[in-house]
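A look at the structure
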Amino acid sequence: MKILLLTHLFNSLAQRLHVELREWGHEVTVEFDIADAVTEEAVTLARPDLVLAPFMKRRIPESVWSRHLCLVVHPGPPGDGGPSALDHAILAGERDWGVTVLQATGELDAGPVWAWSPFTMREACKGDLYRREVVDAAVRAVRAALARWRPGCSAPMPSPELPARRGCWQPPVTAAERAVDWARDDTETVLRRIRSADGAPGVQAQLAGRACRLYDAHRVSATTLGAVLTAVSQAAPGALLARRGPALLVRTRDAALWIGHVRAGAAAPGRPELKLAATRAFAAEAAALPELAVPLEHPDDEWDELRYCELGPAGARVGWLEFDFHNGAMSTRQCERLRAALDEVRARPTRLLVLAGGAGFFGNGIHLHDIEAAADAEDDSAADASWRNINAIDDVALALIGLTDRLVVAALRGNAGAGGCFLALAADEVWAHAGVVLNPHYKNMGNLYGSEYWTYLLPRRVGGAPDDGACRRIMQGRLPIGVHEARALGLVDRCLADEAASFDAAAQAAALELAAAPGLAGRIAAKARRRAADEAVKPLAQYRAEELGRMQRNFYGFDPSYHVARHHFVARKPQAWTPRHLAVHRAPAAAQPDAPR
Ligand code: COA
């Protein structure tokens, strides 16, 4: 089929469908939902069999849905409708939810249902549920809907599998409805409200006398609560008690909560309101608080960004290192922490180190919000902050490449993009599940050249030179890549599970098996030899200097594209046009993108 993906943003769902639809053999092109006239033009140019709308903020114009079959993906079960579907589900404590594919008609979310797929809700924030459960269910539902399509059909064939209406139309959740009142709301209520609005729009609350929006909330363990008990009993609800990593511990009516990230107002009129580590947004207040650091190896109920544990018997030990950085963004501080953690775990007698990244994202490269914040600081600049951040992430990559006394595996529990993706390639093997989407390129961020030793890491996996052949197709194609395609390209070595839910157990079992494999010592020795040989041909320092030379021009040169793109990205500015590498229908045949497949 010829499918036009009509979408407000090329978000995680649109990216995954782009990957899956191409894998199922369809021709796919993308148009951003910018204006009715633009959509009409796109349909005329693309002549699609089907318009598929994964993420919309406006209605599809009647001029389009009345003449073309348009299917909309709604993150709710049949009958449910409205723009805050998942928000309501989290606030109501729903245990079972679903995704429906329905036909666009004059009434929003009320057209004929083509397919749906249920899923079980998880204790997670809205963004994490969306990127995992909703995306997986949407793929299943779209697949079922396409199976019911016949050329020329304008309505779904009857299906006995569709349930009776489960949901109903629900209005948007208002800010006032879920604003947090520290004196009134108990911990579980606050947590549920924050999760229902995380990543967007965030829940309103007062912190240290300032109005802000809260994200990245975590329960406090009984041990930590015990440690601050005196302060807790004296402090009023809403008071700041302690800090850890990016987070502030906030007193609630009946306990306390870690708040990792906040939007605490724009630095000046016209500047974006950035999502920053709470300890950065409230730096002065945080400096006066006790730091409640925990060791890298800590119990499951103890929250921290980093967590390490070991598995398996002596002689075949596996180190498992998680770095659950909010949104996969890796600030200078976080990179420094990760590098310190690598220094610590390299002293452990393990034969295999698994880099398990975060549950939501493996990593998305340098922290663009943190960098943007430096533009507002008197004694800093976005260019300087970018420079510090890229050097810090390069140091992490260097530490990983230098771990030649054991094998390193990157276990992708979530998606990876830009620098986060190349960090994974610094491992000896990359494992993933079938739901993972990779964005192994930098160009979408204002034509960034990229670093993290990609000019060394990518060619050694896919062959050729960095600016040629497969490397060039991947870097210039700028498309999301699914795990099956990534395996074919050599970017991923093993796909261990169909979905994220079963991946951790599968990756741990595979790691234990690999650590006990008889040939492992030989593999590690061969790895060390290869590294030494590569170093003799061209030192890593030279790769780094060459990459950073290009990055320096991106950060400090006369072309402001990176700074403009970053500003647009953090401000979530609506797109004015669809990039040509996505809008295939707008590219002249001869100039169609050099895509990886
Ligand atoms: N720095 C700061 N925040 C980042 C980030 C980064 N590098 N990458 C993602 N995020 C944030 C987004 O701002 C968004 O936050 P929000 O919920 O407040 O809106 C959240 O993470 C999820 O990102 P989103 O873009 O909605 O996810 P996606 O699945 O649709 O797309 C990517 C994933 C990786 C394609 C996209 O996030 C991206 O392009 N990120 C930037 C990658 C990059 O250029 N890094 C710098 C060069 S190394």
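This structure is a prediction, so every number in the text was calculated from the model and none was measured. Numbers given for residues are sequential positions, taken from 1 along each chain in its written order. Selection of residues for local features in this predicted model requires a pLDDT of at least 70, selection of side-chain atom pairs for listing and counting requires 80 or more, and totals for whole chains, interfaces and linings are taken over all residues. Computation of side-chain values covers all heavy atoms of the structure but excludes hydrogens and water.

1. Focus on the domain arrangement of the protein
Domain boundaries shown here were taken from an automatic or database domain assignment. Its domain assignment divides the protein into domain 1 (2–147), domain 2 (177–287) and domain 3 (306–559). Whether two residues are in contact is decided by their heavy atoms: any pair within 4.5 Å suffices. Listed per partner, the contact involves 13 residues of domain 1 and 17 residues of domain 3. At the boundary of domain 1 with domain 3, total buried surface from both sides reaches about 1,200 Å², with 50% on carbon and sulfur atoms. A side-chain nitrogen of Lys or Arg and a carboxyl oxygen of Asp or Glu constitute a salt bridge if their distance falls within 4 Å. Across the salt bridge formed by Arg 140 and Glu 499, the nearest N and O atoms sit 2.9 Å from each other. Mapped by element, the contributors of at least two residues to the side of domain 1 that touches domain 3 are α1 (12–23) and α5 (126–147). In this text, helices come from DSSP runs of H or I with a minimum length of four residues, and strands from runs of E with a minimum of two, each type numbered from the N-terminal end. Among the elements that take part in the side of domain 1 that touches domain 3, α1 stands out by supplying seven residues, more than any other. Put simply, buried area is how much 1.4 Å-probe accessible surface two parts lose in total, over both of them, once they are put together.

2. Regarding the nonpolar core
Residues belong to a common nonpolar core when they are buried Ala, Val, Leu, Ile, Met, Phe, Trp, Tyr or Cys residues joined through side-chain atoms within 4.5 Å. The buried label applies to any residue whose accessible area, calculated with a 1.4 Å probe on protein chains only, is under 20% of its type's maximum; exposed applies above 50%, and partly exposed to all values in between. Counting residues in each nonpolar core, the largest one holds 76 residues, and the members touching the most others are Leu 342, Leu 355, Leu 400, Leu 412, Leu 438, Leu 458 and Leu 491. If you tally residues by element for this core, the top one is helix α14 (residues 382–401), at 11 residues. Sequence-distant contacts of Leu 412, defined by excluding residues within four places in its chain, comprise Phe 362, Ala 424, Val 430, Trp 431, Ala 432, His 433, Val 436, Leu 438 and Phe 503. Within the second largest apolar cluster, 41 residues are counted, among which are Leu 13, Ala 115, Val 134 and Cys 153.

3. Some details on the sheet that holds strand β16 (residues 361–363)
Strand order in the open sheet formed by four strands is β16-β18-β20-β21, and the pairing between neighbours is mixed. Edge positions in the sheet fall to β16 and β21 (481–482), since each has one partner strand and no second. Following DSSP output, two strands are said to pair if at least two bridges run between them. Relative to β21, strand β20 (residues 437–439) runs antiparallel, the two sharing two bridges. Paired with Val 437 across the bridge in β21 is Gly 482. Its contacts with the sheet place helix α15 (residues 418–425) against β16, β18 (415–417) and β20, and it is angled at close to 105 degrees to β18. Each axis is a line fitted through C-alpha atoms, taken for helices only over the stretch in contact, and angles between the N-to-C directions span 0 to 180 degrees.

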